[in-house]
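Reading the structure
Here's the letter readout for the chains.
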Amino acid sequence: MKRRDFLLTASGVAGGTAVVGAAPAVAQEEPTASNNSSSGEGTTTPGAGNNSTDGSGGGGGGGGSKTVAVGPGGDLIFTPGTEEPLYASPGTTVTFNWESDNHNIVVDSQPDGAGWEGHQPLENTGFTYEHTFDTTGTYEYHCQPHQSSGMVGEIIINESGAPPQSAEVEIDAEEMGVPIQAHFVGIATILMLVVSLIYTFFLLKYGESPHAKGGNN
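Presented here is a report on the structure given in the accompanying data block.

Criteria and cut-off values
Residues numbered from 1 in each chain as written. Predicted model: local features only at pLDDT ≥ 70, side-chain atom pairs only at ≥ 80, totals over all residues. Heavy atoms only, no water. Pairing = 2+ DSSP bridges. Helix = DSSP H or I, 4+ residues; strand = E, 2+ residues; numbered from the N terminus. Contact = heavy atoms within 4.5 Å. Buried < 20%, exposed > 50% of the residue type's maximum accessible area, 1.4 Å probe, protein only. Polar contact = N/O pair within 3.5 Å; in protein donor to acceptor, adjacent residues only side chain to side chain. Phe/Tyr/Trp six-rings, centres within 6.5 Å; stacked < 30°, edge-to-face > 60°.

1. Section: the sheet that holds strand β4 (residues 92-98)
On the basis of which strands lie adjacent, the open sheet formed by 4 strands has the order β2-β1-β4-β7 and mixed pairing. Where the open sheet ends on each side, the last strands, each with one partner, are β2 (78-79) and β7 (128-133). Note that β4 and β7 share 6 bridges and pair antiparallel. Note that in β7 the partner of N97 across the bridge is T128.

Following this line, the structure appears as structure tokens:
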């Protein structure tokens, strides 16, 4: 083979090798491009349905019913109401039952916006009147013919519907500063008794003056 033909053959083989070697580099880029696009789509799908509303249920008063006796047994009182207030929660319907004659309900005071009108006509035994109390606060009323005899009433509407006795005791204890516990009082009492006994013993035994006894001087 001549030198010129050898050079041409060698150059053709080298060129073919270069073309064949370049093809895999292009093929390797395609999978990476597709992987990037698929991973990008996957990150957008989660968390799309988490905005569910769960606070739509509003709460009002508990409702229920309670009864007030008007002049029970001929006494000029409301029971409950005169000797102790009637406690109820917002939305409670209070029924007033007439158990003696010639009584009515006149409103003296009530919370702002309550709008309770009472029942001013005089009624007799067997009559009933009811009203639903929605506004929290204190309602004061009386029987007009017997107000001077102490026939007055009080209704207190609060969230618990019960007297706040336990809460008042806790507040008073906190206002005292240091809580006083029962065993501290017992220990202090015992110590005072012991000190008193010791003091009495020494006073009786050594308290008498040596000059108090009679002697020949």
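Having seen the model, we can carry on.
2. A few points about the environment of Y139
Tracing the backbone through its elements, the reader meets Y139 in strand β8 (residues 137-142). Remark: the alpha-carbon pair of Y139 and D108, spanning 31 residues in sequence, is separated by 7.6 Å. Leave out the neighbours within four places in its chain, and Y139 touches S109, Q110, P111, A114, W116, F133, G153, E154, I155 and I157.

3. What to know about the side chain of N158
When you line up the elements, N158 lands in the loop between β9 (152-157) and α2 (165-175). Relative accessible area serves as the criterion here: at 16%, N158 is assigned to the buried category. A polar side-chain atom of N158 sits 3.1 Å from the main-chain carbonyl oxygen of A162.

4. Here's the deal with the packing of aromatic side chains
According to the stated counting rule, one finds 9 aromatic pairs in the structure shown. Judged by centre distance (5.0 Å) and plane angle (70°), the rings of W116 and F133 are edge-to-face. Residue W116 is found in the loop between β5 (103-109) and β6 (119-123), and its partner F133 is found in strand β7; the two are separated by 17 residues along the sequence. Each of the two residues, W116 as well as F133, counts as buried. Ring centres of F133 and Y139 lie 4.9 Å apart, and the angle between their planes is 80°; on these two criteria the pair is classed as edge-to-face.

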